Amino acid sequence: MEITADYGVGSSGGPILDQYGNLAGIVSSTTTLTGAEKRNDGTIVNAPQLVIKDTAPVKALTGLLQR
């Protein structure tokens, strides 16, 4: 399940709610992708470029609970 809401490290297990307040899923993890960025002084650092936000939809969770 993909969402556009921002969340960060430490949010795992947090609820994802739909527009009616129903539980739609939970936050499972974040992965930050970095890219080389050259600073004004010429040094190169790894700068955050994109955060992949992984979630688990309720449908997958209920399937696990029924086992």
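Residues numbered from 1 in each chain as written. Predicted model: local features only at pLDDT ≥ 70, side-chain atom pairs only at ≥ 80, totals over all residues. Heavy atoms only, no water.

Considerations on the pairing of strand 3 (residues 44-57)
Taken together, the 13 bridges between strand 2 (residues 23-38) and strand 3 define a ladder with antiparallel strand orientation. Across the sheet, Ala-36 pairs through a bridge with Asn-46, a residue of strand 3. Connecting strand 2 to the next strand, strand 3, in antiparallel fashion are five residues, including Gly-42 with a positive phi near 95 degrees. (Pairing = 2+ DSSP bridges. Helix = DSSP H or I, 4+ residues; strand = E, 2+ residues; numbered from the N terminus.)

Side note on a nonpolar patch on the surface
On the surface, Leu-33, Leu-50 and Ile-52 cluster together to form a nonpolar patch covering roughly 240 Å² of accessible area. Mapped onto the elements of the fold, Leu-33 is located in strand 2. (Patch = residues over 30% accessible without salt bridge, like charges linked within 9 Å, V, L, I, M, F, W, Y side chains within 5 Å. Areas by Shrake-Rupley, 256 points an atom, 1.4 Å probe, with all protein chains shown as cover. Salt bridge = Lys/Arg side-chain N within 4 Å of Asp/Glu carboxyl O.)

Structural notes on the pairing of strand 2
As paired elements, strand 1 (residues 15-17) and strand 2 share three bridges and run antiparallel to each other. Bridged to Leu-17 within strand 2 is Leu-23. Count of turn residues in the strand 1/strand 2 antiparallel hairpin: five residues, of which Gly-21 carries a positive phi of about 90 degrees.

Structural notes on the sheet that holds strand 1
Taken together, the three strands give an open sheet; going across it, the order is 1-2-3, and neighbouring strands pair in antiparallel fashion. Each edge of the open sheet carries a strand with a single partner, namely strand 1 and strand 3. Between one strand axis and the next, the sheet turns by 45 degrees as a mean value, whatever way the strands run. Contacting strand 2 and strand 3, helix 1 (residues 58-65) runs over the sheet at an angle of about 60 degrees to strand 3. (Axes fitted to C-alpha atoms, helices over the stretch in contact; angles between N-to-C directions. Contact = heavy atoms within 4.5 Å.)

So far we have only geometry, and geometry alone does not tell us how the molecule works.
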